[in-house]
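Summary of the model geometry
Each chain, written out:
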Amino acid sequence: MNVTKDGFKNRQLHREDYLQTVSAEQKEYAEVFAHQRIAENNDIITDFQTDNLMEQILHKDNLNKAFKKVKSNKGAGGIDGMSVDELLGFLRDNQRQLIQQIKDGKYKPTPVRRVEIPKETKGEFRKLGVPTVVDRVFQQAITQVLSPIFEKQFSGNSFGFRPNRGAHDALKQCQTNVNDGYVYVVDMDLEKFFDTVCQSKLIEVLSRTVKDGRVISLIHKYLNAGVISKGMFEKTEVGMPQGGPLSPLLSNIMLNELDKELENRGHRFVRYADDCMIFCKSKKSAERTLNNIVSYIEGKLFLKVNHSKTCVAHISKVKYLGYSFYRYKGKCRFRIHPKSVVKMKNKIRELTDRHNGWGNEYRALKLTQFIRGWINYFGLADMNKMLVEIDKWLRHRIRAIYWKQWKKTKTKYRKLKELGMNEAFIKWHANMRQGIWNCSNNRMVQFALNNEKLREWGYPTFSEFYLKICEN
């Protein structure tokens, strides 16, 4: 679907309708031109352009790469309703105008759309901000240019949202620390990190490296773009939207200050996004470290520590990235945390719901996709025995689905006969009245719908995927 230049004007007017709800619109979206210097709270001043970062961001090749990335990620649209599929036509018609607005400092990012995702803790939600697809392209373009610059500054103990690093690398670093005798940890929890980031501090940290004032200005505008929640505009003078391509990089830039402080103090630590663990050799040392670092986080970085969830504990008592730890023959090993098992079982219940109306082939495909992804993530853990029990439970649920589908006695009779059941037992089993769950667990039904038959029909097991990638 192509969008004309008139469509661009209409989009701008639609955007202004939202902004009119703000009494101080011009103040909130102050334009910063290329010849100006940016000041935040009269404290932080960035020298005007000592680098050509904006030209790199707006270079044709970089924008094309950003567009392809946004296109491949798909995702829902922002408040303007434009989908990823409409993006190419819109950019073809309006690219020059948008680029010129950014160069002149006149571009106004659209407020993000608020989406709330339930957390594991009942009653708590993670607030996401979904930018428009156009803003996602420019945020991605900024990220592609700034990431290599800041990557050189980031700590080797930071693993989240970084190239060629991931959760498994963070866990293996934890394992190394424990094997070296650092068995007590400060399990640090930052309260609503993305919602409480001090924008002034973030701009200050950015400005130490980014000397192109136009780039700082554009990032600042994205931070101040605001949120549309339930049709109402909300200011974003504090925090940064979690959900755009730029926010992971900005979070690492901000928390890199904590990394450097911990390194300067000689601490061993592992950080994945805002989940941080500091390793110590004794409980007293860990308690002393906690008391000292909290004052730095709250007093210097202006972040909030969740004191109710932040604690000092032995490594065997903590949960990190869905895993728990234990020691065997003096070496640190991994288990799956019980909460992660509960979450997995709830997902399996959803995928094997007898009332969701899915076809059997589609259900088998969705199960395969989930189990493969789950095992790929939790494959570091020791879980052979647990998976055997999980597989039995999963097959029981699948048999219950088929027993419900067969429904009528004559259908059950025919299906059981097709599956090779002894005819002497078929009539009795086809007439069982104990309920779907109990009937599907009957020994003869298990014989008819045996493991090999379910595998033939495309149903996976956790154990078969685990044995392929098991490192233990």
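Going by the structure above, here's the rest.
Below you will find a few notes about this structure. (Residues numbered from 1 in each chain as written. Predicted model: local features only at pLDDT ≥ 70, side-chain atom pairs only at ≥ 80, totals over all residues. Heavy atoms only, no water.)

**Section: the overall build of the chain**
On a plain count of helices and strands, the chain comes out with 21 helices and 12 strands. Here the chain, with 472 residues, has 50% of them falling under the buried criterion. Of all intrachain contacts in the chain linking residues separated by at least 6 positions in sequence, the fraction that spans at least 24 positions is 73%. For the chain, the computed accessible surface area is about 24,100 Å², with 48% contributed by carbon and sulfur atoms. (Helix = DSSP H or I, 4+ residues; strand = E, 2+ residues; numbered from the N terminus. Buried < 20%, exposed > 50% of the residue type's maximum accessible area, 1.4 Å probe, protein only. Contact = heavy atoms within 4.5 Å. Areas by Shrake-Rupley, 256 points an atom, 1.4 Å probe, with all protein chains shown as cover.)

**Here we look at the packing of helix H4 (residues 60-73) against helix H6 (residues 133-151)**
The N-to-C vectors of H4 and H6 enclose an angle of 120 degrees; their axes lie 8 Å apart at closest approach. Between H4 and H6, the crossing angle belongs to the class labelled oblique. For the element pair H4 and H6, the recorded crossing hand is right-handed. On H6, the residues touching Asn62, Leu63, Lys65, Ala66, Phe67, Lys69 and Val70 of H4 are Val133, Arg136, Val137, Phe138, Gln140, Ala141, Gln144 and Val145. Residues that form the contact of H4 with H6 fall into these classes: nine nonpolar, three polar and three charged. (Axes fitted to C-alpha atoms, helices over the stretch in contact; angles between N-to-C directions. Parallel < 35°, antiparallel > 145°, perpendicular 65-115°, else oblique. Left-handed = near helix turned anticlockwise from the far one by under 90°. Nonpolar A, V, L, I, M, F, W, Y, C, P; charged D, E, K, R; others polar.)

**Concerning unusual backbone geometry**
Phi is positive for Asn164, which is not a glycine, with a value near 60 degrees. Topologically, Asn164 is positioned in the loop between H6 and helix H7 (167-179). For Lys329, which is not a glycine, the phi torsion comes out positive at approximately 55 degrees. Positionally, Lys329 belongs in the loop between strand S11 (323-328) and strand S12 (331-336). Here Lys329 falls in the exposed class, since its relative accessible area comes to 72%.

**Observations regarding the state of the cysteines**
The full count for this structure, using the stated rule, is zero disulfides. Note on Cys332: no disulfide assigned, nearest cysteine sulfur contributed by Cys174 at a separation of 8.0 Å. Its relative accessible area of 3% is what places Cys332 among the buried residues. (Disulfide = S-S within 2.5 Å.)

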